[in-house]
Amino acid sequence: MKFKVSPLRVDWDKGIVSFIDQRIIPYEERWVEVRNGKETYQAIKDMVLRGAPLIGVAGALGVYLQAKRDIESGMNLDEIFRDLEDTINLLRKSRPTAVNLFWALEKVRNAIQSSSLKNSAELLNLLRRIAEEIINYESEVCVKMSEIGAKLLLELKPNLRRVLTHCNTGALATTGPGTALGVIRKLAELVPDLMVWVDETRPYLQGARLTAWELVKEGIDHRVISDSAAAYLMSKGLVDAVLVGADRIALNGDTANKIGTYSLSLGAKRHGIPFIVVAPISSVDPNLPDGSSIPIEERPEDEVHYIRGVRITPEQSKAFNPAFDVTPAELISYIITERGAFKPEELKEALKQTTEV
Ligand code: MRU
């Protein structure tokens, strides 16, 4: 599957990673360079990059960059190991909800601990290999999920024409064609008159800015809607399926995703519309039996108060800005992973299969 967007460039030899600045798309296409663990942490925290799979990739790259800087500054191997442990702990604090970050950093930490490294060159090679594996994994699973998801949807709804999506789950959020948006890309190949309802996704506007930008680049027909229009469209029979991504899925299928996802699932249930979560196995948290203890990030009030620097609320008003919500498993029709399409209650079985990087 061809797709026209890539959110990152890596110069392994110089030790520079560039991320397309997702804070200013679609107004400008500017790249932000990071050169060490701390800059990577800041870029994740400030949402230069975002989206669960890409946050995990950035975490692994941040450790690689820090190792490169440590080696250049003449540290010995023991000093580097200690510094990388601090770097991993710092990166873990950047954003709390997307489990892919913790999954990727654990992979890096385990690899360092279980290898008998003789020198810093071997360490750097190891960190590069792990980061490349994660980049490739997050790309390959998107392609697999796109095919599995499109096939399932056309079985469920042979006349499917209008799908609704929330937030940005596309190439900007991953290293491949995307999760939910990857399925939509595939559907657009198969259904020539496909039309996508794009929730604007207040307050950060990932839908209005990022998903719409990707769909324009791909030439896929879409309409941006205010989040509050979704249930109305469902009630009028104008939505054939809802497709969303995930930041963390508990073992029972409860799913944390961008704030507003839960409301969509309620509307979909009321109107008998398939509600599909598309996410790689790296988004499943094997330590959580259900979604009640998924940490929900609270972001700054100003993201609600301001749109592009213009205050839209009274100066005296306070705001509250939870960035995610949890959709209970019983409201989810299917979870599409790279291992297949599962009912939420079948997810535990999927985890027993082994197709890891
Ligand atoms: O706050 P964000 O923009 O990082 O939130 C992103 C989402 O909630 C996405 O739906 C999720 O990460 C899946 S991305 C493939």
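Up top you'll find the structure we're talking about.
These figures come from a predicted structure and were not determined experimentally.

1. Topic: unusual backbone geometry
Keep in mind that most residues, glycine aside, have a negative phi and that most peptide bonds are trans. In this structure, proline 26 follows isoleucine 25 across a cis peptide bond, with omega equal to 15 degrees. Along the polypeptide, proline 26 turns up in the loop between strand S2 (16-20) and strand S3 (31-34). Going from arginine 202 to proline 203, the amide bond is cis rather than trans, its omega being 0 degrees. Mapped onto the elements, proline 203 comes out in the loop between strand S5 (195-199) and helix H7 (206-218). A positive phi angle, near 70 degrees, is found at threonine 201, a position not held by glycine. Note on placement: threonine 201 falls in the loop between S5 and H7. Phi is positive for arginine 308, which is not a glycine, with a value near 45 degrees. With respect to the helices and strands, the residue arginine 308 is situated in the loop between strand S11 (306-307) and strand S12 (310-311).

2. Focus: the pattern of salt bridges
One pass over the full model with this rule turns up 24 salt bridges. A salt bridge links lysine 118 to glutamate 122; its shortest N-O distance comes to 3.7 Å. The exposed category is assigned to lysine 118, whose relative accessible area is 68%. Measuring nitrogen to oxygen at the nearest pair gives 3.2 Å for the salt bridge that ties glutamate 218 to arginine 185. With glutamate 218 in helix H7 and arginine 185 in helix H6 (residues 180-190), this residue pair connects regions lying 33 residues apart in the sequence. Several salt bridges converge on common partners, so that one network encompasses Glu85, Arg92, Glu106 and Arg109.

3. Considerations on a nonpolar patch on the surface
The grouping of Ile307, Val310 and Ile312 at the surface amounts to a nonpolar patch, some 240 Å² of accessible area in total. As for its placement among the helices and strands, valine 310 is situated in strand S12.

4. Description of the site of the ligand
Lining the immediate environment of the ligand, one finds 18 residues, of which Arg50, Arg95, Asp247, Asn257 and Lys258 sit closest. Within the side chain of aspartate 247, an N or O atom sits 2.7 Å from an oxygen atom of the ligand. Here the ligand, which alone exposes 420 Å², has 100% of that area covered by the protein. Of all the secondary structure elements, the ones that give two or more residues to the shell around the ligand are helix H2 (52-72) and strand S9 (255-258). Within the shell around the ligand, the residues separate by chemical class into seven nonpolar, seven polar and four charged. Shared between two domains, the shell around the ligand takes at least three residues from each, and those domains are domain 1 (8-138) and domain 2 (144-353).

5. Quick look at the packing of helix H5 (residues 120-156) against H6
Direction vectors running N to C along H5 and H6 enclose 60 degrees, while the axes themselves pass 8 Å from each other. With respect to H6, the axis of H5 lies oblique. Read as a crossing pair, H5 and H6 show a hand that is right-handed. Residues Met145, Ser146, Glu147, Gly149, Ala150, Leu153 and Leu154 of H5 touch H6, and the partners they reach there are Gly182, Val183, Lys186, Leu187 and Leu190. A class-by-class count of the residues in the contact of H5 with H6 yields seven nonpolar, three polar and two charged.

6. Remarks on the sheet that holds S2
Ordered in space as S1-S2-S3, the three strands form an open sheet in which the pairing is antiparallel. Either end of the sheet is taken by a strand with one partner, and the two such strands are strand S1 (8-11) and S3. Direction aside, neighbouring strands of the sheet carry axes that sit 20 degrees apart on average. With four bridges joining them, S1 and S2 adopt antiparallel strand pairing. Opposite valine 10, over in S2, you have valine 17 as the bridge partner.

7. Remarks on the nonpolar core
In this structure, Leu127, Val163 and Leu243 are the most contacted members of the largest nonpolar core, which totals 70 residues. Ranked by the residues each element gives to this core, the list is headed by H5, at 14 residues. Residue contributions to this core reach at least three from each of two domains, namely domain 1 (8-138) and domain 2 (144-353). Excluding its chain neighbours within four sequence positions, the residues that come into contact with leucine 127 are Val63, Tyr64, Ala67, Leu84, Val108 and Ile112.

8. Notes on the sheet that holds strand S15 (residues 340-342)
Across a sheet, paired strands are connected by hydrogen bonds in the backbone, their directions being either parallel or antiparallel. Spatially, the seven strands line up as an open sheet ordered S6-S5-S4-S7-S10-S14-S15, and their pairing is mixed. Looking at which strands have only one partner, the edges of the open sheet turn out to be strand S6 (222-225) and S15. Strand-to-strand, the axes of this sheet are offset by a mean angle of 25 degrees, without reference to chain direction. Pairing geometry for strand S10 (residues 275-278) and strand S14 (residues 334-337), over three bridges, is parallel. The residue bridging isoleucine 276 from the neighbouring strand is tyrosine 334, located in S14. Against the sheet, H7 makes contact with strand S4 (162-165), S5 and S6, and its axis sits at roughly 155 degrees relative to S5, the strand it touches most.

Calculation rules
Residues numbered from 1 in each chain as written. Predicted model: local features only at pLDDT ≥ 70, side-chain atom pairs only at ≥ 80, totals over all residues. Heavy atoms only, no water. Helix = DSSP H or I, 4+ residues; strand = E, 2+ residues; numbered from the N terminus. Salt bridge = Lys/Arg side-chain N within 4 Å of Asp/Glu carboxyl O. Buried < 20%, exposed > 50% of the residue type's maximum accessible area, 1.4 Å probe, protein only. Patch = residues over 30% accessible without salt bridge, like charges linked within 9 Å, V, L, I, M, F, W, Y side chains within 5 Å. Areas by Shrake-Rupley, 256 points an atom, 1.4 Å probe, with all protein chains shown as cover. Near = heavy atom within 4 Å. Polar contact = N/O pair within 3.5 Å; in protein donor to acceptor, adjacent residues only side chain to side chain. Nonpolar A, V, L, I, M, F, W, Y, C, P; charged D, E, K, R; others polar. Domains from an automatic or database assignment. Axes fitted to C-alpha atoms, helices over the stretch in contact; angles between N-to-C directions. Parallel < 35°, antiparallel > 145°, perpendicular 65-115°, else oblique. Left-handed = near helix turned anticlockwise from the far one by under 90°. Contact = heavy atoms within 4.5 Å. Pairing = 2+ DSSP bridges. Core = buried A, V, L, I, M, F, W, Y, C linked by side-chain atoms within 4.5 Å.

Purely geometric numbers; function is a separate question.
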